[in-house]
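Here's the letter readout for the chains.
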Amino acid sequence: MEIIVNILDFLTLGASSSSATFSSFILIILMIALMYFFMIRPQQKQRKQHQEMMNDMHKGDEVVTIGRLHGKIDSINKEDRTVTLDCEGIYLTFDMVAIARVVKSSTAAPAEKKTASEDSAAEKAAEKPAEEEKADSKPADDSDAGEQAK
């Protein structure tokens, strides 16, 4: 509250007093600090997250460019900082900065599908011995015995 009063004094009286000069100096420092916390720092965090995403990209990842083109990474050239995308059979080369986001990794999806299919295969394998036990416990019919003799 005192700072606001000093600012008003400074604006109305001019820069003739030393307290007004000091309060204007504090005001400038305060504005720089606010600008840092509301503009510069969030932008730095966003840039850091984007750089980490760029470093984590691998061949086969599905990405979206800044032009909203969806494709799968075919190759990455770190020296030239370019990415070649496979867009349904059409290969396009982009700068790495043109990648807006990585949608998902296609290498992680088959691993999840594989574990799901392995789980279902294990369940089927567990069911087969139970079915075989039921078949062994059934009494043999005369018609089955005649067919086996033939």
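The following paragraphs examine the structure supplied in this document.

Thresholds applied
- Residues numbered from 1 in each chain as written.
- Predicted model: local features only at pLDDT ≥ 70, side-chain atom pairs only at ≥ 80, totals over all residues.
- Heavy atoms only, no water.
- Helix = DSSP H or I, 4+ residues; strand = E, 2+ residues; numbered from the N terminus.
- Contact = heavy atoms within 4.5 Å.
- Areas by Shrake-Rupley, 256 points an atom, 1.4 Å probe, with all protein chains shown as cover.
- Phe/Tyr/Trp six-rings, centres within 6.5 Å; stacked < 30°, edge-to-face > 60°.
- Buried < 20%, exposed > 50% of the residue type's maximum accessible area, 1.4 Å probe, protein only.
- Pairing = 2+ DSSP bridges.

### Things to note about the overall build of the chain
Counting its secondary structure elements, the chain contains 4 helices and 5 strands. Going residue by residue from the N terminus, the α and β elements of the chain occur as α-α-β-β-β-β-β-α-α. Contacts in the chain between residues at least 24 apart in sequence constitute 37% of all its contacts with a sequence separation of at least 6. Just so you have it, the chain exposes about 12,000 Å², and 58% of that area is on carbon and sulfur atoms.

### With respect to the packing of aromatic side chains
Under the definition given, this model contains 1 aromatic pair. Between the aromatic rings of Tyr36 and Phe37, the centroid separation amounts to 5.2 Å while the plane-to-plane angle is 80 degrees, which identifies the pairing as edge-to-face. Judged by relative accessible area, which is 34%, Tyr36 ranks as partly exposed.

### Topic: the pairing of strand 1 (residues 61–65)
Here strand 1 lies mainly inside the structure; 4 of its 5 residues are buried. Direction of pairing for strand 1 relative to strand 2 (residues 70–77): antiparallel, over a ladder of 3 bridges. Bridging across to strand 2, Glu62 finds its partner in Lys72. The antiparallel hairpin formed by strand 1 and strand 2 contains 4 residues in its connecting segment, where Arg68 sits at a positive phi of about 65 degrees.

### A short note on the side chain of Thr65
Following the sequence through the fold, Thr65 ends up in strand 1. Residue Thr65 is classed as buried on the basis of its relative accessible area of 2%. Each residue touching Thr65, except ones within four places of it in the same chain, is listed here: Leu85, Phe94, Ala98, Ile99 and Ala100.

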